[in-house]
Amino acid sequence: MDNSFDLARIRALPFLAGLEYCREIDSTNNRALERAKQPHLPCPWLVLTDRQTKGRGRGTNQWWSGAGSLTFSLVLECRGKRLLSQAECRISLVAALSVCETVQDLLPHALVQLKWPNDVFFQGKKLCGILVEADSSRGGRFVVGIGVNVNNSLRAAPVELSAIAISLTEVAEQSIDRTDVLLRILTHFSENLTHCESNSLALADRWRSLCMLHGRTLCVEAGKQRTIGVCQGIDDEGALLLQTEAGISRCLSGMVVQIY
Ligand code: BTN
């Protein structure tokens, strides 16, 4: 299958205000953060690449993008008060949910789940990572970077990754059209973002039902604070709920650093 992007179809998506395509780039999030500083940038602005050479993950993590993977970033302008409070967490969940729904469209019987707040897992292995960053120069602009293992074989990945990650092509046993995956993700994302702005409880029910951490004992690290407890799911605001010895703790930011 021709693995190149159909840019005309992507440009025609009503949700997008602009598209920038690069054959190769270090990180689409880096480019999107540069663009976010431009006052008149039309948003949502999509930065798409065929090949990312220095992808970044959360914290000091890197994101390995083998040939055939899907890597892109959106510059969003968020005005709604609701979205602006704890925006990174909520936008991450909206993005993760949209990737889950895309995988469910393509592979209806597949067990796809989200790992709060920014990962998508498929049959217990990581399929997608999401990195949401705020533009520090102006309030309300966010970059949401999404990397999905689509046509990249994890057999070509560093050994420490091949055991814990998976790609859509390996599951489907056929090549997948990256344009189709991208358009589905963006379409779900635009709908879910609207629902998030309007405080939809149905949206919260959907991210709850896909939470892979429910019932597991976890450690969440946010800055210098570590919270250990049994996961009680995700609440309507997008916070991870942990049952600790001192009661229920709501985590609205941070990273799951350990699952016991
Ligand atoms: C993580 O798993 O920690 C998040 C990974 C995010 C990777 C995506 S790929 C597109 C965008 N550009 C980057 O440099 N990172 C994100």
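Below you will find a few notes about this structure. Positions within a chain are numbered from 1, following the residues in the order the chain's sequence is written. Given that this is a predicted model, residues contribute local features only at a pLDDT of at least 70 and side-chain atom pairs are listed and counted only at 80 or more, while totals for whole chains, interfaces and linings are drawn from all residues. Side-chain numbers here rest on the full set of heavy atoms in the structure, without hydrogens or water.

Note on terminology: near, applied to a residue and a molecule or strand, indicates that one of the residue's heavy atoms is within 4 Å of it. Around the ligand, 20 residues are found, and the nearest of them are Ser 27, Gln 52, Arg 56, Arg 58 and Lys 126. Take Thr 28: an N or O atom from its side chain is 3.1 Å from a nitrogen atom of the ligand. The term polar contact refers here to a pair of N or O atoms within 3.5 Å; inside protein, the definition further demands a hydrogen-donor-capable atom paired with an acceptor-capable atom, and it admits residues adjacent in sequence only when both atoms are side-chain atoms. Between the ligand and Arg 56 there is a distance of 2.7 Å, counted from an oxygen atom to a backbone nitrogen or oxygen. Each accessible area value is a Shrake-Rupley result obtained with a 1.4 Å probe; residue values ignore everything except the protein chains displayed when judging cover. Relative to its unbound accessible surface of 410 Å², the ligand loses 98% to contact with the protein. When residues of the shell around the ligand are traced back to their parent elements, those giving at least two are helix H2 (28–36), strand S3 (55–56), strand S5 (70–77), strand S8 (125–134) and strand S9 (141–148). Top contributing element to the shell around the ligand by residue count: S8, with four residues. Charged means Asp, Glu, Lys or Arg here, nonpolar means Ala, Val, Leu, Ile, Met, Phe, Trp, Tyr, Cys or Pro, and polar covers whatever is left, Gly included. In terms of residue class, the shell around the ligand is built from five nonpolar, 11 polar and four charged. Secondary structure elements are defined from DSSP: runs of H or I of at least 4 residues count as helices, runs of E of at least 2 residues count as strands, and each element is numbered from the N terminus.

Bringing helix H7 (residues 178–197) into the picture now. To estimate the expected span of a helix, count its residues, drop one, and scale the result by 1.5 Å. A rise of 1.5 Å per residue sets the reference length of H7, with its 20 residues, at 28 Å; its end C-alpha atoms lie 28 Å apart and thus fit the reference within 8%. Burial classes: relative accessible area under 20% of the type maximum marks a residue as buried, over 50% as exposed, and values in between as partly exposed (1.4 Å probe, protein chains only). For H7, the buried fraction is high: 14 of the 20 residues fall into the buried class. Regarding H7, its N-cap is Asp 177, as a side-chain oxygen of that residue lies 3.0 Å from the backbone nitrogen of Thr 179 further along. Downstream of H7 by a residue or two, Asn 199 has a phi angle that is positive, lying close to 60°.

We now examine the packing of helix H4 (residues 87–106) against helix H8 (residues 201–209). All axes here are fitted lines through C-alpha atoms, helices being fitted over the stretch that makes contact, and every angle between N-to-C directions spans 0 to 180 degrees. Contact geometry for H4 and H8: axes closest at 10 Å, N-to-C directions at 70°. With respect to each other, H4 and H8 are oriented roughly perpendicular. For the pair H4 and H8, the crossing hand works out as left-handed. Listed contacts from H8 to Arg 90, Leu 93, Val 94, Leu 97 and Glu 101 of H4 are Leu 203, Arg 206 and Trp 207. Each angle is binned into one of four classes, with values under 35 degrees roughly parallel, values over 145 roughly antiparallel, values of 65 to 115 roughly perpendicular, and all other values oblique. By definition, turning the near helix anticlockwise from the far helix through less than a right angle yields a left-handed crossing, and turning it clockwise yields a right-handed one. In what follows, a contact means two residues having at least one pair of non-hydrogen atoms within 4.5 Å.

Strand pairing is assigned whenever DSSP detects at least two bridges linking the two strands. Strand order in the open sheet formed by five strands is S13-S12-S11-S10-S14, with antiparallel pairing between adjacent strands. Two strands close off the open sheet at either side, each with one partner strand: strand S13 (247–251) and strand S14 (255–259). Across the sheet, the axes of successive neighbouring strands diverge by a mean angle of 45°, strand direction being ignored. Strand direction decides the pairing type here: strand S11 (residues 225–234) and strand S12 (residues 240–244), joined by three bridges, are antiparallel. Looking at S12, one finds that Cys 231 is bridged to Leu 242.

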